[in-house]
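Chain by chain, the residues:
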Amino acid sequence: QVQLVESGGDLVQPGVSLRLSCAASGFTFSDYSMSWARQAPGKQRELVADIASGGSTNYADSVRGRFTISRDNTRRTVYLEMNSLKPEDTAVYYCNAKYTFPGRVTINYWGQGTQVTVSS
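Summary of the structure given here.

Analysis parameters
Residues numbered from 1 in each chain as written. Predicted model: local features only at pLDDT ≥ 70, side-chain atom pairs only at ≥ 80, totals over all residues. Heavy atoms only, no water. Helix = DSSP H or I, 4+ residues; strand = E, 2+ residues; numbered from the N terminus. Rg over C-alpha atoms; globule rule 2.2 N^0.38 Å. Buried < 20%, exposed > 50% of the residue type's maximum accessible area, 1.4 Å probe, protein only. Contact = heavy atoms within 4.5 Å. Areas by Shrake-Rupley, 256 points an atom, 1.4 Å probe, with all protein chains shown as cover. Lys, Arg positive; Asp, Glu negative; His and termini not counted. Charge placed at Lys NZ, Arg CZ, Asp CG, Glu CD. Pairing = 2+ DSSP bridges.

Per the secondary structure count, the protein chain includes zero helices and eleven strands. Counted from the first residue to the last, the protein chain has its helices and strands arranged as β-β-β-β-β-β-β-β-β-β-β. For 120 residues, the compact-globule estimate of 2.2 N^0.38 gives 14 Å, and the C-alpha radius of gyration of the protein chain, at 14 Å, lies within 12% of that figure. Its C-alpha atoms give the protein chain principal-axis dimensions of roughly 45 × 25 × 25 Å. Counting over 120 residues, the protein chain shows a buried share of 39%. In the protein chain, of all internal contacts separated by at least 6 residues, the share reaching a separation of at least 24 is 55%. As displayed, the protein chain has an accessible area near 6,600 Å², and 45% of this comes from carbon and sulfur atoms. When the 12 positive and 10 negative side-chain charges of the protein chain are each reduced to one mean point, those points stand 4 Å apart.

What follows deals with unusual backbone geometry. Here the phi dihedral of R76 falls at roughly 55 degrees; this positive angle occurs in a residue that is not glycine. Residue position: R76 is located in the loop between β7 (67–72) and β8 (77–82).

As a further point, take the pairing of strand β11 (residues 114–118). Of the two faces of β11, the one lined by T114, V116 and V118 is fully buried and the one lined by Q115 and T117 carries no buried residue. Sheet topology note: the strand β2 (residues 11–12)/β11 ladder contains two bridges and is parallel. Bridging from a neighbouring strand, L11 pairs with T117 of β11. Summarising the sheet, strand β9 (residues 91–100) and β11 pair through three bridges and their orientation is antiparallel.

In structure tokens form, the structure reads like this:
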């Protein structure tokens, strides 16, 4: 059974740092690309950062330079280090696992999300 369990969300003040974790089970973690997406109230879900199985990373323009995604294949966990948080970072943050088979069929798994609220 595939599980992605996010943790680390909190209510914080602007400017502080926060680290999210996503613990994975039920699939071959090291083969999958992992990503973090977020959804603010009334807005569409947007990709925040992703990390390929080989370790290359991509970031949304809104978080580049402030957020860092990393993975630990031994612990089957992906992290999102968030620095200099802003009120506009407030959202539910979701963990995603994606694998594309040679025939280009893609499988996606999603976690349940963790709430991050940035407010003074």
